[in-house]
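Observations on the model geometry
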2 protein chains.
Amino acid sequence: MDSVEKKFLKLGAENAPGQEGRQNNDEIKLSGNKIPGKKVDFSHGDVDAFEPIPGSLDHFIEGVQIGGKQAYTEYRGSEEIREMTAEKLADFTSSKINPEKNLIITPGTQGALFLAMGSTISRNDKVAIVAPDYFANRKLVEFFEGEVVYISMDYLHSNSGAGLDLGQLEEAFKAGVKLFLFSNPNNPAGVIYSPDEIRKIAELAQSYGVQVVVDQLYSRQIFDGINYTHLAAQNILDSENLVTIMGPSKTESLSGYRLGVAFGSSKIINRMEKLQAIVSLRAGGYNQAVLKSWFHEPEGWMAQRIAQHQAIRDDLVTKLRYIKGVKVRSTEAGSYLFPRVPELTVSMEEFVKILRIQANVIVTPGTEFGPEFTSSFRMNFSQDHSAAVEAIDRIEKVVEEYRK
Amino acid sequence: MDSVEKKFLKLGAENAPGQEGRQNNDEIKLSGNKIPGKKVDFSHGDVDAFEPIPGSLDHFIEGVQIGGKQAYTEYRGSEEIREMTAEKLADFTSSKINPEKNLIITPGTQGALFLAMGSTISRNDKVAIVAPDYFANRKLVEFFEGEVVYISMDYLHSNSGAGLDLGQLEEAFKAGVKLFLFSNPNNPAGVIYSPDEIRKIAELAQSYGVQVVVDQLYSRQIFDGINYTHLAAQNILDSENLVTIMGPSKTESLSGYRLGVAFGSSKIINRMEKLQAIVSLRAGGYNQAVLKSWFHEPEGWMAQRIAQHQAIRDDLVTKLRYIKGVKVRSTEAGSYLFPRVPELTVSMEEFVKILRIQANVIVTPGTEFGPEFTSSFRMNFSQDHSAAVEAIDRIEKVVEEYRK
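Residues numbered from 1 in each chain as written. Chains lettered and ligands numbered in written order. Predicted model: local features only at pLDDT ≥ 70, side-chain atom pairs only at ≥ 80, totals over all residues. Heavy atoms only, no water.

Brief notes about the UniProt feature "domain: Aminotransferase class I/classII large" (unreviewed entry) in chain A
Within this structure's numbering, the places UniProt gives as "domain: Aminotransferase class I/classII large" (unreviewed entry) are residues 64-395 of chain A. Annotated as 39% helix and 14% strand, the span residues 64-395 of chain A places its first and last C-alpha atoms 45 Å apart. (UniProt positions renumbered as here; feature names shortened; annotations may be inferred. Helix = DSSP H or I, 4+ residues; strand = E, 2+ residues; numbered from the N terminus.)

And the structure:
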């Protein structure tokens, strides 16, 4: 087997959100009848239930009307929009961002993650990844032929913060980890790192010379007024060793425009631009104009959106906890829940397929987020409220049908 | 120096189109006065002079109105749009394209190139690249740590076809080249491979088991009714070893939407989708809807566009040839000219900077397209006709000023 083939064997995408249609379901045997109900696709947010920021399409149209200047921006993005975005993000994260040096506009936060990883690691580099964390993190390390070092996060039992095992993190750093990549709020567990955790991460990275990429995609959607800590605001870690990633794809429902932003280290951002030049040139030129609506939502719009999500969360958590043997930590930020189910007669991968075929409910298997999460699945609850609640009843029925 | 740093030293982007603003011009000394005139940026086409396909924005807006289904397509692109596009491309290239297996929608043709290269080569693989050819080709091979094997193309002296050195190509294949990547029409020389050249490339690739990626970005813009040969239509090379790349960014002026398509080998397309899943998820969902306008232009629109470009080409070639010592082959297809200038007192990189600062004319240095092209530069003549013609007068003045 050649080395490209080997690399791609590890790069499965069939369990990724939206890819379910490409799965092979030949071997699934259902027990019991189909459970009728309105389809709910918890694999990603429903932008029909929660629509894009009002006015975002108008910004796009204005971008088209600007013409060539907007179509052919610098690879790191339009100067005007970088300036505007840097100011908003500097304010939000209490950090300094020079729009000329410290910020790049990317095709989605996925694009930012790819460019950041491609700009910092290469073959045999050790990369610390939290378990559980966003599934692409691991795949990115594998694509660049690095070595994943998992750091445990006891999110189910922690009372303050995410529950990251800081001792393990220090051991990993001591053993030569080059880069630490993590999401805050955590995807899939929906938890926020405490101020102490963030400070300690920064101190360890600084003392061992480790680069850090922090994915803050969901950091605007905080529930119950919990305290959120921006790593970039700490001034502990050398700012040239830190990249922060954000974007308007989730809470703001602009995923269809493929927009993301990375900011921080000028050295890494510079490399990211060089890489972007051969990956996709730039984030869609006209699309970039849509960033004008970001952090510029109508008065009260964001507060309402957060409240609506918090209400869905409350109903789903209550109903999930009612299912015997299900354990779930309530989401502190973002739109994810990561429930753990009791022992079943089928594997998690089978359970997820059964749920889709038998109950019209799509979730993402926990194993995508770390090899040990064989009893968990992820749900994005940015959905039609009542449809989501009803889907939990169907999940319960499937759990009962296949309970060991 | 660590291995990431080494890799990025080779990945310069400051001479790439649109990146001129990031160049360091401290050491440029001008001889003579500024030469006034309307700025012409020949580094890429001017989409204000040649506007996007009529109705393309309407398709985008319809895409937004479709909502979630259009925002979250499969990573390889919307099923409906893949079907539509496969049919149009199968017709255009006289090849078979199963929309389910043989086609992926990408963020621009640059995205298609990146995914195709990342899906076929890895460290130490030999990759044959034509000299001259599109500058990202070489950079892609270097990023994936492959080894570039240059194949000469004597475009200036060939009478039939592009002038590819087929003997050299066979030697390279014999020596273990894994992949052959080339553009047809050639970027930057604007020449078309003859039916004989294409047949021979296919035969050699088939007999040595070499994979081929052919970039046909400009294959709709053919001048003087010259015969264009689609490699995919030859049925000589195993179709699982061939990927063809096209897109609507150039002749159709849709670059601001970042859309491209790769079609051919199901194995490679499958890998490209897995890679897309970690690179940028998908081409912008709403953007994909704009492909509906592609190959569906208003009656006569494409013929007129080609005629307009042919007229600009004629004027520029005549004027360029009038400059003593300048050699240029007339464009057969696409919007590029690749003139060679006489000996100058400055290097080509300096000449290009001088041209921009002194004469308000932007071109791309020949060394981007192959190390030996130290006396050539590339011009994209998809520009305002009279501004382009006037810019040649200024180029002439700068040549005279710095002639050895």
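Here we look at the packing of helix α9 (residues 266-279) of chain A against helix α5 (residues 108-118) of chain B
Here α9 of chain A crosses α5 of chain B at 95 degrees, and the two axes come no closer than 7 Å. Relative to α5 of chain B, the element α9 of chain A lies roughly perpendicular. From α9 of chain A, Ala277, Ile278 and Val279 of chain A reach across to α5 of chain B, where they touch Gln110, Gly111 and Phe114 of chain B. Tallied by class, the residues present in the contact of α9 of chain A with α5 of chain B amount to four nonpolar, two polar and no charged. (Axes fitted to C-alpha atoms, helices over the stretch in contact; angles between N-to-C directions. Parallel < 35°, antiparallel > 145°, perpendicular 65-115°, else oblique. Contact = heavy atoms within 4.5 Å. Nonpolar A, V, L, I, M, F, W, Y, C, P; charged D, E, K, R; others polar.)

Details of the relation of the copies chain B and chain A
Note on the copies: chain B fits chain A at an RMSD of 0.0 Å, the axial shift is 0.0 Å, and the rotation between them is 180 degrees. Taken together, the turn and the small shift mark the pair as related by a two-fold rotation axis. Comparing contact sets, 100% of the residues at the interface of chain B also lie at the interface in chain A, consistent with an isologous, same-surface contact. (Least-squares fit on C-alpha atoms with pLDDT ≥ 70 in both.)

Digging into the sheet that holds strand β5 (residues 179-183) of chain B
Residue and element names in this part refer to chain B. Within the open sheet, the seven strands sit side by side as β2-β8-β7-β6-β5-β3-β4. Their pairing is mixed. Bordering the open sheet on either side are β2 (103-106) and β4 (147-152), each of which pairs with just one other strand. Ignoring which end each strand starts from, the neighbouring axes of this sheet average 20 degrees apart. In this structure, strand β3 (residues 126-131) lies alongside β5, joined through three bridges in parallel fashion. Across the sheet, the residue bridging to Ala128 is Phe180, located in β5. Where helix α7 (residues 166-174) meets the sheet, it contacts β3, β4 and β5, and its direction lies at approximately 155 degrees from that of β4. (Pairing = 2+ DSSP bridges.)

Comments concerning the domain arrangement of chain A
Residue and element names in this part refer to chain A. Domain boundaries assigned for chain A yield domain 1 (3-51 + 300-401) and domain 2 (57-293). Here domain 1 and domain 2 have C-alpha centroids that lie 25 Å from each other. On the domain 2 side, the residues contacting the 40 residues of domain 1 number 35 residues. Its largest share of buried area at the contact with domain 2, domain 1 owes to Arg329, Glu332 and Tyr336, together 22% of the area lost on that side. For the interface between domain 1 and domain 2, the tally reads three salt bridges. (Domains from an automatic or database assignment. Buried area = accessible area lost by both parts, 1.4 Å probe. Salt bridge = Lys/Arg side-chain N within 4 Å of Asp/Glu carboxyl O.)

Quick word on the nonpolar core
One finds Phe114, Phe180 and Phe182 of chain A together with Phe114, Phe180 and Phe182 of chain B to be the most contacted residues of the largest nonpolar core, which totals 140 residues. Among residues more than four places away in sequence, those in contact with Phe114 of chain B are Phe114, Ile278 and Val279 of chain A together with Leu140, Phe143, Phe144, Leu275 and Val279 of chain B. Membership of the second largest hydrophobic core comes to 135 residues, among which are Ile81 of chain A together with Ala283, Phe295 and Met379 of chain B. (Core = buried A, V, L, I, M, F, W, Y, C linked by side-chain atoms within 4.5 Å. Buried < 20%, exposed > 50% of the residue type's maximum accessible area, 1.4 Å probe, protein only.)

Quick notes on helix α9 (residues 266-279) of chain B
Residues and elements named next belong to chain B. Over its 14 residues, α9 extends 19 Å from the first C-alpha to the last, a length consistent with the 20 Å expected when each residue adds 1.5 Å. Across the 14 residues that make up α9, a large majority, 10, are buried. Of the residues one or two after α9, Leu281 is the one with positive phi, at around 70 degrees. (Expected span 1.5 Å × (residues − 1).)

Some remarks on the interface of chain B and chain A
One widely used convention gives an interface's size as the accessible area the parts lose upon coming together. Chain B puts 71 residues into the contact, and the matching count from chain A is 72 residues. At the boundary of chain B with chain A, total buried surface from both sides reaches about 5900 Å², with 59% on carbon and sulfur atoms. Summed over the three residues of chain B that lose the most area to chain A, namely Arg22, Tyr72 and Ile278 of chain B, the buried surface amounts to 13% of that side. Residues Arg123 of chain A and Glu145 of chain B are paired through a salt bridge, measuring 3.8 Å at the closest nitrogen-oxygen approach. Our enumeration of links across chain B and chain A arrives at 19 residue pairs in polar contact (both at pLDDT 80 or more). Elements supplying a minimum of two residues to the side of chain B that touches chain A: α1 (3-9), α2 (56-66), α3 (68-71), α5, α6 (135-143), α9 and α10 (285-288) of chain B. The element best represented in the side of chain B that touches chain A is α9 of chain B, accounting for seven residues. Its residues placed into classes, the side of chain B that touches chain A shows 32 nonpolar, 21 polar and 18 charged. (Polar contact = N/O pair within 3.5 Å; in protein donor to acceptor, adjacent residues only side chain to side chain.)

Side note on the pattern of salt bridges
For the structure on display, the rule yields 42 salt bridges over all chains. The salt bridge partner of Glu145 of chain B is Lys7 of chain B, with a shortest N-O separation of 3.8 Å. Placement of Glu145 of chain B in the loop between α6 and β4 and of Lys7 of chain B in helix α1 is noted, with a sequence separation of 138 residues between them. Measuring nitrogen to oxygen at the nearest pair gives 3.1 Å for the salt bridge that ties Arg199 of chain B to Asp196 of chain B. Within this pair, Arg199 of chain B and its partner Asp196 of chain B are both found in helix α8 (residues 195-208), separated by three residues, close to a single helical turn. Taken together, the shared-partner salt bridges connect Asp2 of chain A together with Asp125 and Lys178 of chain B into one network.

Structural notes on helix α13 (residues 385-401) of chain A
All names here are of chain A. For α13, built from 17 residues, the straight-helix expectation of 24 Å at 1.5 Å per residue is met to within 8% by its first-to-last C-alpha distance of 25 Å. Taken together, the buried positions of α13 are occupied by Ala387, Ala388, Val389, Ala391, Ile392, Arg394, Ile395, Val398 and Val399. Against the buried residues of α13 lie β1 (40-41), α11 (301-322), α12 (348-359), β10 (361-362) and β12 (377-380).

A word on the side chain of Asn287 of chain A
Tracing the backbone through its elements, the reader meets Asn287 of chain A in helix α10 (residues 285-288). Owing to a relative accessible area of 2%, Asn287 of chain A belongs among the buried residues under this scheme. When residues no more than four places from it in sequence are discounted, the contact partners of Asn287 of chain A are Phe60, Tyr257 and Leu259 of chain A together with Gly256 and Asn287 of chain B.

Some points on the packing of aromatic side chains
To describe a pair of aromatic rings, you give the distance between the ring centres and the angle between the ring planes. The final tally for this structure, using the stated rule, is 50 aromatic pairs over all chains. With centroids separated by 4.9 Å and ring planes inclined at 75 degrees, the aromatic side chains of Tyr257 of chain A and Tyr286 of chain B adopt a geometry described as edge-to-face. One end of the pair, Tyr257 of chain A, is in the loop between β7 (242-246) and β8 (260-264); the other, Tyr286 of chain B, is in helix α10, on a second chain. Note on accessibility: Tyr257 of chain A and Tyr286 of chain B belong to one class, buried. Here the guanidinium or amino end of Arg220 of chain B rests over the ring plane of Phe295 of chain B, the centre of that ring lying 3.8 Å away. (Phe/Tyr/Trp six-rings, centres within 6.5 Å; stacked < 30°, edge-to-face > 60°. Lys NZ or Arg CZ within 6 Å of the ring centre and 35° of its normal.)

Things to note about the packing of α12 of chain A against α13 of chain A
All names here are of chain A. Two numbers describe how α12 lies on α13: the axes approach to 10 Å, and their chain directions differ by 120 degrees. What the angle tells us is that α12 and α13 run oblique. In the crossing of α12 with α13, the sense of the turn from one axis to the other is right-handed. Of the residues in α13, those in contact with Phe351, Ile354, Leu355 and Ala359 of α12 are Arg394, Ile395, Val398 and Val399. (Left-handed = near helix turned anticlockwise from the far one by under 90°.)

Focus: the pairing of β12 of chain A
All names here are of chain A. Burial along β12 is two-sided: Phe377 and Met379 and Arg378 and Asn380, pointing in opposite directions, are all buried. The pairing of strand β9 (residues 336-337) with β12 spans two bridges and is antiparallel. Across the sheet, residue Tyr336 finds its bridge partner in β12, namely Asn380. With two bridges connecting them, strand β11 (residues 364-365) and β12 associate as antiparallel partners.

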